[in-house]
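A closer look at the structure
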Amino acid sequence: HIAEQLTQLTKKTYRVCILGHTQRGGIPSAMDRILASQMGEYAVSLLRDGSSRQMVAWQHHQLCQAPFP
């Protein structure tokens, strides 16, 4: 929608790019996939232990939980 408006205002052509992994640096590496799996496993363990309103974070080279603000 914004690209269309800019085209009408400036008479130049604009293309839309859906960023996805491009915004985060490109195609996910093997480490990205491993970390995502580990974070998911950790999140499930937190839920099983009755923890809620927490997020999983990577801090000081280890997984940890952090409260949502």
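Coordinates for the structure precede this section.
Figured I'd write up the structure that's included with this text.

**What about the pairing of strand β2 (residues 62–67)?**
Looking at chain direction, strand β1 (residues 54–59) and β2 are connected through six bridges and run antiparallel. The residue of β2 that forms the bridge with Q59 is Q62. Where β1 folds back onto β2 in an antiparallel hairpin, the turn is made up of two residues, including H60, whose phi is positive at roughly 55°.

**Some points on the side chain of S51**
Looking at where S51 falls in the secondary structure, it is placed in the loop between α2 (30–48) and β1. Residue class for S51 comes out buried when judged on its relative accessible area of 19%. Other than its neighbours up to four places away in sequence, S51 contacts L46 and Q65.

**Remarks on a nonpolar patch on the surface**
Taken together, the side chains of I2, L6 and Y14 make up a nonpolar region of the molecular surface, amounting to roughly 280 Å² of accessible area. Relative to the helices and strands, L6 resides in helix α1 (residues 2–10). With relative accessibility at 33%, the residue L6 sits in the partly exposed group.

**Examining unusual backbone geometry**
Excluding glycine, a negative phi dihedral is what most residues carry, and trans is how most peptide bonds are arranged. Unusually for a residue other than glycine, R53 sits at a positive phi of about 55°. By relative accessible area, which is 62% here, R53 ends up exposed. Phi is positive for H61, close to 65°, though the residue is something other than glycine. Relative to the assigned elements, H61 resides in the loop between β1 and β2.

**Section: α2**
If you check α2, its first and last C-alpha atoms are 27 Å apart, about what 19 residues at 1.5 Å a residue would give, namely 27 Å. One or two residues past the end of α2 sits G50, with phi positive at roughly 90°.

About the cut-offs
Residues numbered from 1 in each chain as written. Predicted model: local features only at pLDDT ≥ 70, side-chain atom pairs only at ≥ 80, totals over all residues. Heavy atoms only, no water. Pairing = 2+ DSSP bridges. Helix = DSSP H or I, 4+ residues; strand = E, 2+ residues; numbered from the N terminus. Buried < 20%, exposed > 50% of the residue type's maximum accessible area, 1.4 Å probe, protein only. Contact = heavy atoms within 4.5 Å. Patch = residues over 30% accessible without salt bridge, like charges linked within 9 Å, V, L, I, M, F, W, Y side chains within 5 Å. Areas by Shrake-Rupley, 256 points an atom, 1.4 Å probe, with all protein chains shown as cover. Salt bridge = Lys/Arg side-chain N within 4 Å of Asp/Glu carboxyl O. Expected span 1.5 Å × (residues − 1).

Fair warning: the whole summary comes from geometry, so function is off the table for now.
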